[in-house]
Amino acid sequence: MIKILFICHGNICRSTMSQFVLQHMVNELGIADQFDIDSRATSTEEIGNPPHRGTVRKLQAEGIPVLPHRATQITWKDYQNADYIIGMDTWNMRNLNRMLKGDPEGKLYKLLSFAGSDRDIADPWYTGDFDATYDDVVEGCEGFLRYLKEKGE
């Protein structure tokens, strides 16, 4: 079982969108039983809140199921249990490195790195552009699945 955590600042926009997009992709491929996919925040600002309405609307428009979820902050135990911890932007990666003792096991990745890019996924909380965020998330998740396939996972 491959355990994946997607991470953004509040765990209500980008990380939940990534979680649900990847879950949908592996469901469609018939390989969902090989994955445990979840998401977390680096901050405590949105703890307990559901996915942002803009995220929900965009996923519904794309036919992607929105699963029950409440924002939670990443912990050291999460780090120990995960295989991949995937951040959305440079700021998330800095915070994750600080919070997770410098990533001693090499589990931290930036989502678009799997698509061959160092770009950040813009936070739609600020931009209001859930379409652009969705496109980047899909690009990153497709790249991640290619990466796993090439790696033999």
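Given the structure is predicted, the values throughout are model-derived calculations rather than measurements.

Conventions we followed
- Residues numbered from 1 in each chain as written.
- Predicted model: local features only at pLDDT ≥ 70, side-chain atom pairs only at ≥ 80, totals over all residues.
- Heavy atoms only, no water.
- Buried < 20%, exposed > 50% of the residue type's maximum accessible area, 1.4 Å probe, protein only.
- Helix = DSSP H or I, 4+ residues; strand = E, 2+ residues; numbered from the N terminus.
- Pairing = 2+ DSSP bridges.
- Right-handed = clockwise from strand over helix to strand, strands pointing away.
- Disulfide = S-S within 2.5 Å.

A. Structural view of the pairing of strand β3 (residues 84-87). Burial of β3 is two-sided: the residues Tyr84 and Ile86 facing one way and the residues Ile85 and Gly87 facing the other way are all buried. Where strand β1 (residues 2-8) lies against β3, 4 bridges are found, and the strand directions are parallel. Within β3, the position partnered with isoleucine 7 by the bridge is glycine 87. In this structure, β3 lies alongside strand β4 (residues 108-110), joined through 3 bridges in parallel fashion. The residue of β4 that forms the bridge with glycine 87 is lysine 110. What joins β3 to β4 is helix α4 (residues 90-99), and the crossover it makes is right-handed.

B. Spatial organisation of the state of the cysteines. All chains considered together, the criterion is met by 0 disulfides. As a non-bridged cysteine, cysteine 13 has cysteine 8 as the owner of its nearest cysteine sulfur, 6.5 Å distant. On the basis of relative accessibility, which here comes to 3%, the residue cysteine 13 falls in the buried class.

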